[in-house]
Amino acid sequence: MNDSLIPPNDKKADNFSETISPVRKDDRKSPLKVYALEFAYQFAVMAVLLVFFSFNMDQTEVFHFQDLFAPYKLAFFANYLVAAMIINYVLLPVLYYKKRMFLFLLAVSLLITMVVLMDEYVLEKIYFPDTRGTYFPGLSFTIVETLPIIIIMVAFKIAWDFNRKQREVEELKSLMKESEIQFLKSQINPHFLFNNLNSIYAYAIDYSPKTPSIILDLSTVLRYMLYDCREDQVALTKEVDHLKKYTALFELQLNKRGRINFREEIPNDRFFIPPLILIVFVENAFKHSTGSQAGNIEIDIAIHVTEDGTLTFNCCNNYSPHYQSTDTARGIGLQNVIKRLDLLFQKTYHLVIKNDGNLYTVNLMIPLKKM
């Protein structure tokens, strides 16, 4: 017996993380709102830094609240603030984020030099003409006093930009995931039509009276596939009803060549399921049973849902031992559904496919969302 486990997963289905809904255009923040949030963020950072700067700069033993916004403190802080804003909104996007590191370091060095000169030869002489304004304490001393505030402001800006980039990356991943799921889902329709139109063509050639009935059933199934299952999740009852109609469509074609058993045990209708997940396994069962043998076709389909929302799906079909079964494991539809399971459930689903030479069995366990 050849057993394959796709993918390996020993976790219980009830310990699953909910699938993250793809980011849609309506959920994205407008540019104005993004700028407003960044402005509020920068304003909060500046307010906190101003308080610490004011406390640190005060030389008296007793601090009064009215001294918090003394003109000389605001002037010195504004000097550092202007430099930080130039780095944050000019040098970072124009040079640093574009990997022009030499020019960035050169520009920052010139900017810090201008800040020091403004401190020592303008502000000190205006606010402290008889004390600190009478001498230059040295470049290293002034830089030690100047750099911390500027570095902190720039660090908060880099942190903000990093988080924004991370959000953009996550959004892009979500959009790519949604696009891939929609692409895989869209491939099911041509695959389904290809198989069933061949059957209708065979009945039409023989002028079978069942042809109109088959076309009507096919129309009902396609209506669901094209219109009713556009959402990421559909009601489980609708999906199961669609699967039963799909099964009935094939059962009409079997005549007396075999039998199909369809069993379901669903305790309530409070669950959702990604559309068109189960139908691929059923389609493969029909395709390879009917394609490999003229009679004695046996297909068994069972769906069971627990109270906590764990769905167990079993599909078993027989086929001729001489039938080339490589298509069964490598068909386009099966590959697509496995990719969709990986994208939608990641490691929270359990899929086992067994093939013992004349019996093909699929066992799938997936966690369902509740309404």
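Note that the structure is predicted; figures quoted are calculated from it, not measured. (Residues numbered from 1 in each chain as written. Predicted model: local features only at pLDDT ≥ 70, side-chain atom pairs only at ≥ 80, totals over all residues. Heavy atoms only, no water.)

Take histidine 242: it is sitting in helix H6 (residues 236-254). Residue class for histidine 242 comes out buried when judged on its relative accessible area of 4%. In this view, histidine 242 contacts Val221, Tyr224, Met225, Leu276 and Ile279; residues no more than four positions away in its chain are not counted. (Helix = DSSP H or I, 4+ residues; strand = E, 2+ residues; numbered from the N terminus. Buried < 20%, exposed > 50% of the residue type's maximum accessible area, 1.4 Å probe, protein only. Contact = heavy atoms within 4.5 Å.)

Attention now goes to the sheet that holds strand E4 (residues 271-273). One open sheet holds the 3 strands; their spatial order is E2-E4-E9, and the pairing between them is antiparallel. Edge positions in the sheet fall to strand E2 (234-235) and strand E9 (369-370), since each has one partner strand and no second. Here E2 pairs with E4 via 2 bridges, running antiparallel. In the strand pairing of E4, valine 234 is matched with isoleucine 273. (Pairing = 2+ DSSP bridges.)

As a further point, take a nonpolar patch on the surface. A cluster of nonpolar residues, Leu117, Met118, Tyr121, Val122, Ile126 and Tyr127, forms a patch on the protein surface that exposes about 540 Å² of accessible area. According to the relative accessible area criterion, tyrosine 121 is partly exposed, its value standing at 46%. (Patch = residues over 30% accessible without salt bridge, like charges linked within 9 Å, V, L, I, M, F, W, Y side chains within 5 Å. Areas by Shrake-Rupley, 256 points an atom, 1.4 Å probe, with all protein chains shown as cover. Salt bridge = Lys/Arg side-chain N within 4 Å of Asp/Glu carboxyl O.)

Before going further, it helps to spend a moment on the pattern of salt bridges. Once their charged atoms are close, side chains differing in charge can pair, the charge on each being opposite to the other. By the definition in use, this model includes 7 salt bridges. A salt bridge links arginine 259 to glutamate 298; its shortest N-O distance comes to 3.6 Å. Here arginine 259, found in strand E3 (residues 258-265), pairs with glutamate 298, found in strand E5 (residues 297-305); they are 39 residues apart in sequence, far enough to count as distant. With relative accessibility at 41%, the residue glutamate 298 sits in the partly exposed group.

Along the chain, the position of aspartate 161 falls in helix H4 (residues 139-205). According to the relative accessible area criterion, aspartate 161 is buried, its value standing at 4%.

All right, on to the confidence of the model for the protein chain then. The pLDDT averaged across the protein chain works out to 77; a share of 75% of its residues lies at or above 70. Across the protein chain, the secondary-structure element scoring lowest on mean pLDDT is helix H8 (residues 326-330), at 45, and the one scoring highest is strand E6 (residues 310-318), at 94. Note that residues 1-27 has pLDDT below 50 and, in this model, 47 contacts with residues that lie over four places away or in other chains. (pLDDT = per-residue confidence, 0-100.)

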